[in-house]
Amino acid sequence: MTKPLELIGSFWTLAVGADPLGDQRCLHDFRARVEAAAQAGFTGMGFWHTDILEIRQKYSFKDMKQILDANGIANIEVEWLLDWFRTDARKTASDEIRTLLMDAAEVLRARHIKIADFGNDCAGVEQLTAAFAPLCRQAAERGTNILFEMLPGYFSRMPSLDQVLAITRGSGAANGGIMLDNLHLQRIGISSEEIVRKLTPRDLIGVEINDGSLAMPVKLQDSVVNKRLLPGDGEFDIAGFLQALWSLGYDGPIGVEVLNEYIRKWDLKTAATEAFAKTKSVVQAARQAKK
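Residues numbered from 1 in each chain as written. Predicted model: local features only at pLDDT ≥ 70, side-chain atom pairs only at ≥ 80, totals over all residues. Heavy atoms only, no water.

Novice: I'd like to hear about the overall build of the protein, residue by residue, with values.
Specialist: Across its full length, the protein carries 12 helices and 8 strands. For the protein, the spread of C-alpha atoms along the three principal axes comes to 45 × 45 × 40 Å. The burial tally for the protein puts 54% of its 291 residues in the buried class. Excluding contacts between residues fewer than 6 apart, the proportion of contacts in the protein whose partners are at least 24 apart in sequence is 80%. For the protein, the accessible surface area stands at approximately 12,200 Å², while carbon and sulfur atoms represent 50% of it. Charged side chains in the protein number 34 positive and 38 negative. The centres of these two groups are separated by 3 Å. (Helix = DSSP H or I, 4+ residues; strand = E, 2+ residues; numbered from the N terminus. Buried < 20%, exposed > 50% of the residue type's maximum accessible area, 1.4 Å probe, protein only. Contact = heavy atoms within 4.5 Å. Areas by Shrake-Rupley, 256 points an atom, 1.4 Å probe, with all protein chains shown as cover. Lys, Arg positive; Asp, Glu negative; His and termini not counted. Charge placed at Lys NZ, Arg CZ, Asp CG, Glu CD.)

Structural data, given as structure tokens:
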């Protein structure tokens, strides 16, 4: 693989101080965050909906775009949209976030908007497919993609490739696809062989990596939001995961998403530098092993 390495520092990896179970804002200045990511080597960044609202207290979307461009940050992801499939009162709050993310994606020229069915207690494949299609149409009008993130059954009603692909393919949307996080696939029990067997080069794919223990944690939620490790610091077969995707023809950016209770206490420079260096090392080793 000769294409230059493109790594996205996800929101949770680089948003020092943000707590997924508490205050989800990163209170560090947006410009400082972008500069730290770029200096570490990242060419992409992710932004969370509550974080975007905080940033906009000081910077417009146009300002943000100018700062990102000036620092060579080209691959942008915005997230997280939930309850997009509902028809009850929770849909109102979801629609507000939906508008925010669509507006952000359009001006920032985001590669994708990340969604999930976290907390889904009502919808099956048919209902999700019906809601996914118009969401993708709206995103297409803004020039971006929609990626459905697979989650374990503890968090989602769609913990299988068959289910998620039925939604993304069934929607008929060319800009609708699947976000594959190696941690979630590990906990679900989806192997690299299953990825190769069930996905095709036509499937729109997003990729996130992190590391951890092979043993199933006793407290799954805590392991997801507090105990993820930087690539190379755990036991996951990250190389096998990436090589499976590359064998399908995937050549897009690779995100690193690490939610860790200690890393979120680091300073911006340390978080960005360590995350980039370790991820780069693991991805380059996987590339070399594939040759």
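Further notes follow.
Novice: Could you give an account of helix H11 (residues 238–247), with specific residues and numbers?
Specialist: Of all the 10 residues making up H11, 7 are buried; the element is thus mostly covered by neighbouring parts of the structure. Residues Ile-238, Gly-240, Phe-241, Leu-242, Ala-244, Leu-245 and Trp-246 constitute the buried set of H11. Among the structural elements, strand E6 (176–181), helix H8 (182–188), helix H9 (192–198), strand E7 (205–209), strand E8 (254–256) and helix H12 (268–290) are those in contact with the buried residues of H11. Just downstream of H11, Gly-249 is the residue with a positive phi angle, here 100 degrees.

Novice: Could you give an account of the environment of Glu-261, naming the residues involved and the relevant values?
Specialist: Tracing the backbone shows Glu-261 in the loop between E8 and H12. Relative accessible area serves as the criterion here: at 21%, Glu-261 is assigned to the partly exposed category. Separated by 79 residues in the primary sequence, Glu-261 and Asn-182 have C-alpha atoms spaced 19 Å apart. Residues contacting Glu-261, with those up to four places away along its chain left out, are Asn-226 and Lys-227. Side-chain polar atoms of Glu-261 contact the side chain of Lys-227, separated by 2.9 Å. (Polar contact = N/O pair within 3.5 Å; in protein donor to acceptor, adjacent residues only side chain to side chain.)

Novice: I'd like a rundown of the environment of Glu-54, residues and numbers included.
Specialist: By secondary structure assignment, the location of Glu-54 is in helix H3 (residues 49–55). Take Glu-54: its relative accessible area is 26%, and that puts it in the partly exposed class. Each C-alpha atom, one on Glu-54 and one on Phe-30, is 9.5 Å from the other, the two residues being 24 residues apart in sequence.

Novice: I'd like to hear about the packing of helix H2 (residues 30–40) against H12, residue by residue, with values.
Specialist: Interhelical geometry of H2 versus H12 gives an angle of 35 degrees and a closest axis separation of 8 Å. Considering how the two elements wind past one another, H2 and H12 form a crossing that is right-handed. Between H2 and H12, the residues in contact are Ala-32, Arg-33, Ala-36, Ala-37 and Ala-40 and Leu-268, Ala-272, Thr-273 and Phe-276, respectively. In terms of residue class, the contact of H2 with H12 is made up of 7 nonpolar, 1 polar and 1 charged. (Axes fitted to C-alpha atoms, helices over the stretch in contact; angles between N-to-C directions. Left-handed = near helix turned anticlockwise from the far one by under 90°. Nonpolar A, V, L, I, M, F, W, Y, C, P; charged D, E, K, R; others polar.)

Novice: Go over the pairing of strand E2 (residues 44–48), please, and point to the residues and values.
Specialist: When a strand is regular, its side chains alternate between the sheet's two faces. Buried residues dominate E2, accounting for 5 of its 5 residues. Strand direction decides the pairing type here: strand E1 (residues 7–9) and E2, joined by 2 bridges, are parallel. Looking at E2, one finds that Gly-9 is bridged to Met-45. (Pairing = 2+ DSSP bridges.)

In short, the description is geometric, and any link to function would need to be established separately.
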